[in-house]
Amino acid sequence: RSSKGHMVTKLSYLWYEMGTQHDVMMTAGSTHGSHMPGKILIVEDEQAIRDMVSLALRNAGYECLEAEDTLQAQAAILNHTPDLVLLDWMLPGVSGVDYARQLRREKLTQHLPVIMLTARTEEHDKVKGLETGADDYITKPFSTRELLARIKALLRRSAPQTADTSVDISGLQL
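Before going into details, it helps to say that this report is about the structure given with it. (Residues numbered from 1 in each chain as written. Predicted model: local features only at pLDDT ≥ 70, side-chain atom pairs only at ≥ 80, totals over all residues. Heavy atoms only, no water.)

Concerning unusual backbone geometry
- Here the amide bond leading from Lys140 into Pro141 is cis, since omega sits at -5 degrees, within 30 degrees of zero.
- Its identity as a non-glycine residue notwithstanding, Thr81 has a phi of 40 degrees, on the positive side.
- Tracing the backbone through its elements, the reader meets Thr81 in the loop between α4 (70-80) and β3 (84-87). (Helix = DSSP H or I, 4+ residues; strand = E, 2+ residues; numbered from the N terminus.)

Next comes the structure, spelled out in structure tokens:
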């Protein structure tokens, strides 16, 4: 883990980003109309970071579920089925990378989008995170504007086509 001073610096940077990007966060989900743009599970053992990410996502219109370890994450997935998981690498017990691998093996979660949100910044860590099941990888400290853009892009790619789309097969329109 990082030192306490470094953590304060990271949180200050993240709060700064939240404050300066407030108008962006408020409109991030506007293309979906008035309903929630998605349900996000935040798996992060550090309460301050979890709270900050949750606040940013809620301000953007997302519904948030929170877990401080993989046991709580698994219970949240079974009870609430999120649309996307934000997953820290360094968690107590089972690591985020091992949990991402587990999510990919299970039928219920094999297609669930996962973004690693971690302090591990080395290239080999990023490659390992992506190879073991993460769809995207964001290092701490991060910009909330970038986080929201990546979430929105991943949800857009993973969402089923809208009901407005029709298919015509031999005169039968579905």
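As for the pairing of β3
- Residues of β3 alternate between two faces, with Leu84 and Leu86 on one and Val85 and Leu87 on the opposite face, all of them buried.
- Bridge count between strand β1 (residues 39-43) and β3: four bridges; the pairing is parallel. Counterpart to Leu41 in the pairing with β3 is Val85. (Buried < 20%, exposed > 50% of the residue type's maximum accessible area, 1.4 Å probe, protein only. Pairing = 2+ DSSP bridges.)

A word on the packing of α4 against helix α5 (residues 96-105)
- Where α4 meets α5, the axes come as close as 11 Å, and the angle between the chain directions of the two elements is 25 degrees. What the angle tells us is that α4 and α5 run roughly parallel. In the packing of α4 onto α5, the handedness of the crossing is right-handed. Between α4, through Thr70, Ala73, Gln74 and Ile77, and α5, the contact on the second element is made entirely by Tyr99, Gln102 and Leu103.
- When the residues that make up the contact of α4 with α5 are grouped by side-chain class, the tally is four nonpolar, three polar and no charged. (Axes fitted to C-alpha atoms, helices over the stretch in contact; angles between N-to-C directions. Parallel < 35°, antiparallel > 145°, perpendicular 65-115°, else oblique. Left-handed = near helix turned anticlockwise from the far one by under 90°. Contact = heavy atoms within 4.5 Å. Nonpolar A, V, L, I, M, F, W, Y, C, P; charged D, E, K, R; others polar.)

Digging into the packing of aromatic side chains
- Evaluation of the coordinates by the stated rule reveals zero aromatic pairs.
- Over the ring of Trp89 we find Arg120; its NZ or CZ atom is 4.3 Å from the centre of that ring. (Phe/Tyr/Trp six-rings, centres within 6.5 Å; stacked < 30°, edge-to-face > 60°. Lys NZ or Arg CZ within 6 Å of the ring centre and 35° of its normal.)

Details of the environment of Arg145
- Within the element layout of this structure, Arg145 appears in helix α7 (residues 144-158).
- Through-space distance from the C-alpha of Arg145 to that of Ala56 is 9.1 Å; in sequence the pair is 89 residues apart.

Here's the deal with the side chain of Asp88
- Residue placement: Asp88 occurs in the loop between β3 and α5.
- Of the polar contacts made by the side chain of Asp88, one reaches the side chain of Lys140; its length is 3.5 Å. (Polar contact = N/O pair within 3.5 Å; in protein donor to acceptor, adjacent residues only side chain to side chain.)

Let's talk about the pairing of strand β4 (residues 114-118)
- With five of its five residues buried, β4 lies for the most part within the structure.
- Here β4 shows no split at all, with Val114, Met116 and Thr118 on one side and Ile115 and Leu117 on the other all buried.
- On the question of chirality, the crossover connecting β3 to the parallel β4 by way of α5 is right-handed.
- Bridge count between β4 and strand β5 (residues 136-139): four bridges; the pairing is parallel. The residue of β5 that forms the bridge with Ile115 is Asp136. (Right-handed = clockwise from strand over helix to strand, strands pointing away.)

Note that all results are geometric; they support no functional claim without further evidence.
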